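Now for the letters of each chain:
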Amino acid sequence: MQNRENKMEIVSKKPPFKVLSIDGGGIRGLYSAELLTGLAARFKIPADKIGACFDLIAGTSTGGLLAAGLCANKSPSVLSRLYKEKGADIFSGTPMPESKWKLPLWMIKHFRKAIHPSDNLRLSLNELLGSQTFEEIYERNRIALCMTAVNMLDHSPRIFKTPHMSEYDRDNNMTLTDACLATSAAPLYLPLHRMSSDSGNIPNVYADGGLWMNNPAPVALIEALKMTDPSQEIMIFSVGNPNPVAGVNPASIRLNKGLFGWRAGALPLELSMNAQAQAANHLSSQLSDQLTKMGRKVTIIRATQSPVSAEQSKYLGLDNASERSLSLLTSLAEKDASETYKAVQKNTADGVILKQIFNQN
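Residue positions are counted from 1 within each chain, in the order its sequence is given. Selection of residues for local features in this predicted model requires a pLDDT of at least 70, selection of side-chain atom pairs for listing and counting requires 80 or more, and totals for whole chains, interfaces and linings are taken over all residues. Side-chain measures here rest on the full set of heavy atoms in the structure, leaving out hydrogens and waters.

Engineer: What is the right way to look at the overall build of the chain in this model?
Structural biologist: A tally of regular secondary structure across the chain gives 14 helices and 8 strands. In terms of overall dimensions, the chain is globule-like: its C-alpha atoms have a radius of gyration of 21 Å, near the 21 Å expected for 361 residues. Across its three principal axes, the chain shows a C-alpha extent of roughly 75 × 50 × 40 Å. Classification of residues uses two cut-offs on accessible area relative to the type maximum, computed with a 1.4 Å probe and protein chains only: under 20% is buried, over 50% is exposed, and between them is partly exposed. For the chain, buried positions account for 52% of its 361 residues. Any two residues having at least one pair of non-hydrogen atoms within 4.5 Å are treated as being in contact. Here the contacts in the chain between residues at least 6 apart in sequence split such that 78% fall between residues at least 24 apart. When charges are counted, Lys and Arg contribute as positive and Asp and Glu as negative, whereas His and the chain ends are disregarded. Every charge is mapped onto a representative atom, which is NZ of Lys, CZ of Arg, CG of Asp or CD of Glu. One way to put it: in the chain the 39 positive side-chain charges average out to a point 5 Å from where the 33 negative ones average out. Secondary structure elements follow DSSP: runs of H or I no shorter than four residues count as helices, runs of E no shorter than two count as strands, and numbering proceeds from the N terminus. Radius of gyration here is computed from C-alpha atoms only, and the compact-globule reference equals 2.2 Å multiplied by the residue count raised to the power 0.38.

Structural data, given as structure tokens:
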């Protein structure tokens, strides 16, 4: 009995297992990168070291791109420049018009192809990440990485993973560029992505991970539980991005909508992403509370997201890479970084956790 107690005491001294989860959201990934940049400055962390604060980073779609970059030792400020300098090239197609009168012509133009080609995204990712594979970045930096996608073969969820557990080896040779193109292949907006299968023979085709897990916090939590000792504390920092003003007046909503009312399918896609991001946040928080009650301490902190106005919503489209959009996203991120850091300044319970997460013990 004495030996068992001593063993448990030793195990309990393991440091907290720290996790970063980043939502999908197209060009709004700039906000997530800028928020992390703002927090790094406030915690006085070297720009290229913020990824090293975490044992595991999970991302979906544009959040997957950020997760891959951070695991490859890219600073959030470098990732921000990708959106600012390359955003207009990546989203180079004709954005969906606001006018319902212009929508038919736009639909005809994109009847057989995605709104934006993926060529410029591929080039930008190659410049940023090169040919680095999942195995290479994990062996070099020891940061576990999870990225979500959808396998079009059977519409099944897919999670690309570094070999941070002995049984994970199917993605070892997958490049970060390929995984980023797969996780961000949002229907309508970008083409689906084809790459070699796990066996290297028949190619697989993938779609955006946001179709099933736009907020990857539940994926991150489950992975963290698998990677840690039962007595080890888990701390998850979840980063979202500003959504356009959502919701409608039930009394005035048109019930029988068609292609025009649903804007050729773009509105259902965003509706799904917004709803599941909120659901994932709620479910992971509920699960963490129950785990803590059972003796497994888990804390999830969601970065502050200030509400946006109807006027601001006009510039928050998934593919709106205009100067006004980029400026707004940067300003909102700076404000929310400040609001998130207030928990540290006030020494709240969340603030204490944030200090531990960002190595400010």
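Engineer: Help me understand the nonpolar core in this model?
Structural biologist: What we call a nonpolar core is a set of buried Ala, Val, Leu, Ile, Met, Phe, Trp, Tyr and Cys residues that are connected through their side-chain atoms within 4.5 Å. The biggest cluster of nonpolar side chains holds 70 residues, and the ones touching the most others in it are Leu20, Leu35, Leu145, Phe160, Phe237 and Phe358. Broken down by element, this core gets its largest block of residues, 9 residues, from helix H13 (residues 323-345). Once residues within four sequence positions are removed from consideration, leucine 20 is found in contact with Leu36, Phe54, Leu56, Ile57, Ala58, Leu70, Phe237 and Val239. Within the second largest apolar cluster, 18 residues are counted, among which are Leu221, Ala224, Ile236 and Ile300.

Engineer: How should I be thinking about the environment of leucine 145 in this particular structure?
Structural biologist: With respect to the secondary-structure elements, leucine 145 resides in strand S3 (residues 144-151). C-alpha of leucine 145 to C-alpha of arginine 194: the two residues are 49 residues apart in sequence and 21 Å apart in space. Setting aside residues up to four positions removed in sequence, leucine 145 forms contacts with Leu56, Ile57, Ala67, Ala68, Cys71, Phe134, Ile137, Phe160, Lys161, Thr162, His164 and Leu176.

Engineer: Explain the pattern of salt bridges here, please?
Structural biologist: As a working rule, side chains carrying opposite charge can pair if their charged atoms are close by. Here, a salt bridge means any Lys or Arg side-chain nitrogen found within 4 Å of an Asp or Glu carboxyl oxygen. Counted under the stated rule, the structure contains 11 salt bridges. Salt-bridge contacts for glutamate 139 lead to arginine 142; the nearest nitrogen and oxygen are separated by 3.4 Å. Ionic pairing is found between lysine 342 and glutamate 339, a salt bridge with its closest N-O pair at 3.0 Å. Of this pair, lysine 342 and glutamate 339 both sit in helix H13, separated by 3 residues, roughly a single helical turn. Judged by relative accessible area, lysine 342 falls into the partly exposed class, the value being 32%. One salt-bridge network, in which partners are shared between bridges, spans Lys161, Glu223 and Lys226.

Engineer: Honestly, helix H4 (residues 76-90) in this entry has me stumped. Any pointers?
Structural biologist: Residue pairs three or four apart in sequence face the same way in an α-helix, which turns once every 3.6 residues. Here the bend at a residue is taken as the angle between two axes, fitted respectively to the seven residues that end there and the seven that start there. At lysine 84, H4 is bent by approximately 35°, the largest bend along its length. Every buried residue belonging to H4 is among Pro76, Leu79, Ser80, Leu82, Tyr83, Gly87 and Ile90, and all of these are buried. Looking at the packing, one finds that the buried side of H4 touches helix H2 (29-42), helix H3 (62-71), helix H6 (119-129) and H13.

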